[in-house]
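Geometric and topological summary
Each chain, written out:
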Amino acid sequence: MDCIFCKIANKEIPSKIVYEDDIAVAFEDINPQAPVHILIIPRKHIPTSLALTEDDKALVGHLFLVANKVAEEKRIADRGFRLVMNSNEEAGQTVFHIHLHLLGGRVMQWPPG
Ligand code: AMP
Ligand code: ZN
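A few points on the structure. (Residues numbered from 1 in each chain as written. Chains lettered and ligands numbered in written order. Predicted model: local features only at pLDDT ≥ 70, side-chain atom pairs only at ≥ 80, totals over all residues. Heavy atoms only, no water.)

**Section: unusual backbone geometry**
For residues other than glycine, phi is negative in most cases, and the peptide bonds are mostly trans. Between Trp-110 and Pro-111 the backbone carries a cis peptide bond, its omega angle lying at 5°. With respect to the helices and strands, the residue Pro-111 is situated in the segment after β5 (100-104). Although it is not a glycine, Lys-11 sits at a positive phi angle of roughly 60°. At Arg-75, a residue that is not glycine, the phi angle is positive and equals roughly 60°. For Arg-75, the location among the structural elements is in the loop between α2 (57-73) and β4 (81-84). Taking relative accessible area as the criterion, Arg-75 reaches 72% and is therefore assigned exposed. (Helix = DSSP H or I, 4+ residues; strand = E, 2+ residues; numbered from the N terminus. Buried < 20%, exposed > 50% of the residue type's maximum accessible area, 1.4 Å probe, protein only.)

Printed below as a string of structure tokens:
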């Protein structure tokens, strides 16, 4: 499958991985939008959040636990951080393998752009 995030998870293309386990991989975003910008992905290829099934409930929970772990390690947990998952075109999804954006290290604006 020609999916850039599957290739990152399989280490077929390089990335700066900050955490990995059997279910998930976390790596630095190539075009960071904040001092800390990490992407957390499942190893399983799921194109958008709309494709999630009942079988994926634990997987999705795991992505959040990994995000918490990385936020602690990057020392942004207490300051605050934002978790974002874009779904489909108008949200700005460009890579169709689900990923949680972990953003922090600066004051965030609301509403988002
Ligand atoms: P989204 O627009 O929500 O689909 O987010 C895709 C994200 O993937 C963007 O923030 C990109 O900067 C990031 N990205 C694309 N290619 C790579 C790559 N090879 N390594 C790391 N991050 C990437
Ligand atoms: Zn994929």
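**Concerning the pairing of strand β2 (residues 24-28)**
Judged by how many residues are buried, β2 sits mostly within the fold: four of five residues are covered. Taken together, strand β1 (residues 17-20) and the strand that follows it, β2, pair antiparallel across an intervening segment of three residues. Strand direction decides the pairing type here: β2 and strand β3 (residues 36-42), joined by five bridges, are antiparallel. Bridge assignment links Ala-26 to a residue of β3, and that residue is Ile-40. (Pairing = 2+ DSSP bridges.)

**A short note on the site of ligand 1**
Around ligand 1, 16 residues are found, and the nearest of them are Asp-29, Asn-86, Gly-92, Thr-94 and His-101. At a separation of 2.7 Å, an oxygen atom of ligand 1 approaches a polar backbone atom of Thr-94. Contact with the protein chains covers 83% of the free accessible surface of ligand 1, which is 500 Å². Those elements that place two or more of their residues in the shell around ligand 1 are α1 (4-9) and β2. If one sorts the elements of the shell around ligand 1 by residue count, α1 sits on top with three residues. By residue class, the composition of the shell around ligand 1 is seven nonpolar, seven polar and two charged. (Near = heavy atom within 4 Å. Polar contact = N/O pair within 3.5 Å; in protein donor to acceptor, adjacent residues only side chain to side chain. Areas by Shrake-Rupley, 256 points an atom, 1.4 Å probe, with all protein chains shown as cover. Nonpolar A, V, L, I, M, F, W, Y, C, P; charged D, E, K, R; others polar.)

**What to know about the packing of aromatic side chains**
In this structure the tally under the stated criterion is one aromatic pair. Seen in terms of ring centroids, Phe-5 and Phe-27 are 5.3 Å apart; in terms of plane orientation they differ by 80°. Their pairing is edge-to-face. With a gap of 22 residues between them, Phe-5 in helix α1 and Phe-27 in strand β2 connect regions that are remote in the sequence. The class for Phe-5 is buried, based on a relative accessible area of 6%. On the basis of relative accessible area, Phe-27 is assigned to the buried category, the value being 2%. (Phe/Tyr/Trp six-rings, centres within 6.5 Å; stacked < 30°, edge-to-face > 60°.)

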